[in-house]
Amino acid sequence: MQTKKPTSPKEGKENDKRRIRVVIYFICVLLSAFFWLMIKLSQDYTINIHVPVVFTGIPAEFTVSGQKVNTLHATVSERGFVLLRLHYAKMIKPLEISLTTVPYRKINQNEYFISSGNLKVLLAAVMGLDENNIGMKEDQLSFRLDNLSTAVVEIVPDIQLSYRQQYGQFGNIELEPRTITVYGPSTVIDTLKQVYTSAITGSDIHESVTASVSVNLLNGVLQSKTSNVNVIIPVEQFTESSLLVNISIPDYAQKLKTFPDKAEVFYLVPMKEFMRIQPSLFSVVLDTLGLSQRKQLLNIRLDKFPEQVHIRQIQPAAVEYILVDK
């Protein structure tokens, strides 16, 4: 077995010097490459860019169609540093053209255009460049604005509330506005009767709810100049009560007598309305449909009750009867 010959002090120093020379060499190469790159990046270059176009801020009654140019073709003359930033920072992204802020002109009844000058200003602002360093390959961006079908529809609030015990909605929900004008494809508009709001959610509700909510425009299929509605949901505390109401017998069946002759109606009523509720505000009527089938019990039904109460149940649901001579 051979043993490794120990390194002498002189050889060790030579190895250290060799390693230092290699490190210095690589540092010099890196510095040279860095300075070469800095020089190159400080020079001016011209590159071609292709920018997708997206229209926003379109008037509600129109849709953009017949767009002749979907991508803008331009040149950018800038220093290498700037161009490198544009490339790696992904600054070249879809260009949003808002028709509420970008000037556009009419060609004929439906066709419009945006000048290359305005497009250069917009591109320069978005990309953080001097507009003089941008060249446009198209003279203008042409597009069409076509009318959409229209309809006035009812707004229906989407309410998903849970109330505290003995609390609930009392009265009609207030909407402002109650209807809106919507625009969209005729295939949708022709069958549209109503639109919904976004969900109004909450739990342990014990007071009236006031909210401003958006209108559900079918994920952009519809457009409207009205995007939000104000909703007021009146909430009151309820109490449970009951009262006895005479069972009314139709005129054609006056020979019938029921047992019992009264029904107990159980209901919920807002606390502030409790003292106003009287038996005369209710009407319980005998249902005589079972007579022809000789049923032993006849059903009763509630024909009238105050709108401010919520009916829980009627007892009994059916009554016995006999024929009497009058």
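Heads up: these notes are all about the structure in this document. Please read these numbers as outputs of a predicted model, since none were measured by experiment.

**Concerning the sheet that holds strand β13 (residues 194-205)**
Reading across from one edge, β13-β9-β12-β15 is the order of the four strands in this open sheet, with mixed pairing throughout. Unpaired on one side and paired on the other, β13 and β15 (223-224) mark the two borders of the sheet. Taken together, the two bridges between strand β12 (residues 179-184) and β15 define a ladder with antiparallel strand orientation. Paired with Val182 across the bridge in β15 is Ser224.

**Quick word on the sheet that holds strand β16 (residues 228-233)**
An order of β11-β16-β14 is seen for the three strands of this open sheet, with the pairing classed as antiparallel. Where the open sheet ends on each side, the last strands, each with one partner, are β11 (174-176) and β14 (209-214). Sheet twist, expressed as the average angle between the axes of neighbouring strands with direction ignored, equals 20 degrees. Of the strand pairs in this sheet, β11 and β16 are connected by three bridges, and their pairing is antiparallel. Among the inter-strand pairings, Glu176 is bridged to a residue of β16, identified as Asn230.

Rules used throughout
Residues numbered from 1 in each chain as written. Predicted model: local features only at pLDDT ≥ 70, side-chain atom pairs only at ≥ 80, totals over all residues. Heavy atoms only, no water. Pairing = 2+ DSSP bridges. Helix = DSSP H or I, 4+ residues; strand = E, 2+ residues; numbered from the N terminus. Axes fitted to C-alpha atoms, helices over the stretch in contact; angles between N-to-C directions.

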